[in-house]
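The residues making up each chain are set out below.
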Amino acid sequence: MDKPMNVCVLVGSLRKASLNRMLGNALMSLAPASMKLEIVEIGQLPFFNQDLETESQPAQWTAFRERVKAADAVLFVTPEYNRSVPPALKNALDVGSRPYGSSVWDRKPGAIASCSPSAIGAFGANHHLRQSLVFLNVPTMQQPEAYVGHADKLFDENGKLVNDGTRKFLQEFMQAFANWVERTRS
């Protein structure tokens, strides 16, 4: 690709001091120069309700769909809520999949990174999200998998990544994602 890949980053946690937002920022800073990443906020999206799917649908839905549609790829960063993804992230998937037949997700390459203070790094949410992405026809990078455990110990008080081993892994993850997007889109 001549210009950098345009990548939307969707962070499932809406919390101000979210570990997943810290992870998303770290991933963005460690991405190769061939990628231009931007967090696309999802907290302002009205919950999907088919009754709102009219000519005067919520403006936030339209803006979100246009932004994702313009992207070359999507990076999902998610915590785990009850072995699944947070409602804001599921809502973003639903909003982007509509109206029926016009999904912004179709054939858009993706990758998932998840983190948690627990040892398993939001493994359940990561895999539950993969299940939805299969249906939405998002070719999702299989390897390397990114389940970042003990995330509460990886960032300083300013949200900066302080663990060199994790930094190296995340840099390799982002290079693999760039390679995945190039292969998938060509």
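Our structure's up above, just so we're on the same page.
Only a predicted model underlies this, so the values are computations on that prediction, with no experimental measurement involved. (Residues numbered from 1 in each chain as written. Predicted model: local features only at pLDDT ≥ 70, side-chain atom pairs only at ≥ 80, totals over all residues. Heavy atoms only, no water.)

Student: Hey, could you run me through the packing of aromatic side chains in this one?
Tutor: How two aromatic rings sit relative to each other is given by the distance of their centres and the angle of their planes. Using the criterion set out here, one finds 5 aromatic pairs in the structure. Seen from their ring centres, Phe 76 and Trp 105 are 5.9 Å apart, and the 45° between their planes marks the pair as tilted. With Phe 76 in strand E3 (residues 73–78) and Trp 105 in the loop between helix H3 (87–96) and strand E4 (110–115), this pair connects stretches of sequence that are 29 residues apart. Classification of Phe 76 by relative accessible area gives buried; the value is 0%. Classification of Trp 105 by relative accessible area gives buried; the value is 0%. Centroid distance Phe 169 to Phe 173: 6.5 Å. Interplanar angle 40°. Geometry classified as tilted. Here Phe 173 and Phe 169 lie together in helix H5 (residues 164–185), a separation of 4 residues that amounts to about one turn. Three or more aromatic residues joined by ring pairs make a cluster, and in this case those are Phe 64, Phe 76 and Trp 105. (Phe/Tyr/Trp six-rings, centres within 6.5 Å; stacked < 30°, edge-to-face > 60°. Helix = DSSP H or I, 4+ residues; strand = E, 2+ residues; numbered from the N terminus. Buried < 20%, exposed > 50% of the residue type's maximum accessible area, 1.4 Å probe, protein only.)

Student: Where do I start with the packing of helix H1 (residues 19–30) against H5 in this structure?
Tutor: Between two packed helices, both the angle of their axes relative to each other and the distance between the axes serve to describe the pair. Put simply, H1 and H5 touch, their axes get as near as 9 Å, and they point 65° apart. With respect to H5, the axis of H1 lies roughly perpendicular. Crossing of H1 against H5: the hand is right-handed. Across from Leu 23, Ala 26, Leu 27 and Leu 30 in H1, the residues of H5 making contact are Arg 167, Leu 170, Gln 171, Phe 173 and Met 174. (Axes fitted to C-alpha atoms, helices over the stretch in contact; angles between N-to-C directions. Parallel < 35°, antiparallel > 145°, perpendicular 65-115°, else oblique. Left-handed = near helix turned anticlockwise from the far one by under 90°. Contact = heavy atoms within 4.5 Å.)

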